[in-house]
Amino acid sequence: MLARRLRASPFSGLLDWERLDITEGLAIPSTRLELGVGTTIAFVNAALYFGDGVEPSIIQFTLRKKIAGAWLIDTAVVSRKDWFVSAEDDNNDSEGT
């Protein structure tokens, strides 16, 4: 059931990667009431590689430290190519220039 729901979501790539690179994260302790006093939030980037001919995806995870010190994914944002490459740059690459 979970695998089926993941396949139908924007995060389907989490199931099919061949190689994974993770950056060092940044953890921030919080004293804000809306986040929960004593909560720690961390930001981690992961690059997922899928094999020949498929561009890697970069996912930024926001993790929240919960009871008993377990880290749980709070949010995940999948990068999009247009965030990093302008349409003009992409056209130049396809033309071989």
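Located above this text is the structure these notes cover.
Parameters and conventions
- Residues numbered from 1 in each chain as written.
- Predicted model: local features only at pLDDT ≥ 70, side-chain atom pairs only at ≥ 80, totals over all residues.
- Heavy atoms only, no water.
- Phe/Tyr/Trp six-rings, centres within 6.5 Å; stacked < 30°, edge-to-face > 60°.
- Lys NZ or Arg CZ within 6 Å of the ring centre and 35° of its normal.
- Helix = DSSP H or I, 4+ residues; strand = E, 2+ residues; numbered from the N terminus.
- Pairing = 2+ DSSP bridges.
- Core = buried A, V, L, I, M, F, W, Y, C linked by side-chain atoms within 4.5 Å.
- Buried < 20%, exposed > 50% of the residue type's maximum accessible area, 1.4 Å probe, protein only.

(A) Focus on the packing of aromatic side chains. Under the defined criterion, the tally for this structure stands at zero aromatic pairs. Directly above the ring of Tyr-49 sits Arg-19, whose terminal nitrogen or CZ lies 4.0 Å from the centroid.

(B) Layout of the environment of Ile-67. Inspection of the secondary structure assignment puts Ile-67 in the loop between strand 4 (57–65) and strand 5 (71–78). Along the backbone, Ile-67 and Thr-39 are 28 residues apart, and their C-alpha atoms lie at a distance of 9.3 Å.

(C) Broad picture of the pairing of strand 5. In terms of strand pairing, strand 4 meets strand 5 through seven bridges, oriented antiparallel. Bridge pairing in strand 5 links Lys-65 to Trp-71. Taking the residues that link successive antiparallel strands as the turn, the strand 4-strand 5 hairpin has five residues, and the phi of Ala-68 there is positive, at about 65 degrees.

(D) View of the nonpolar core. Within the largest apolar cluster, eight residues are counted, these being Ala-42, Val-44, Ala-46, Leu-48, Phe-50, Ile-59, Phe-61 and Leu-63. If you list the elements that add at least two residues to this core, you get strand 3 (40–49) and strand 4.

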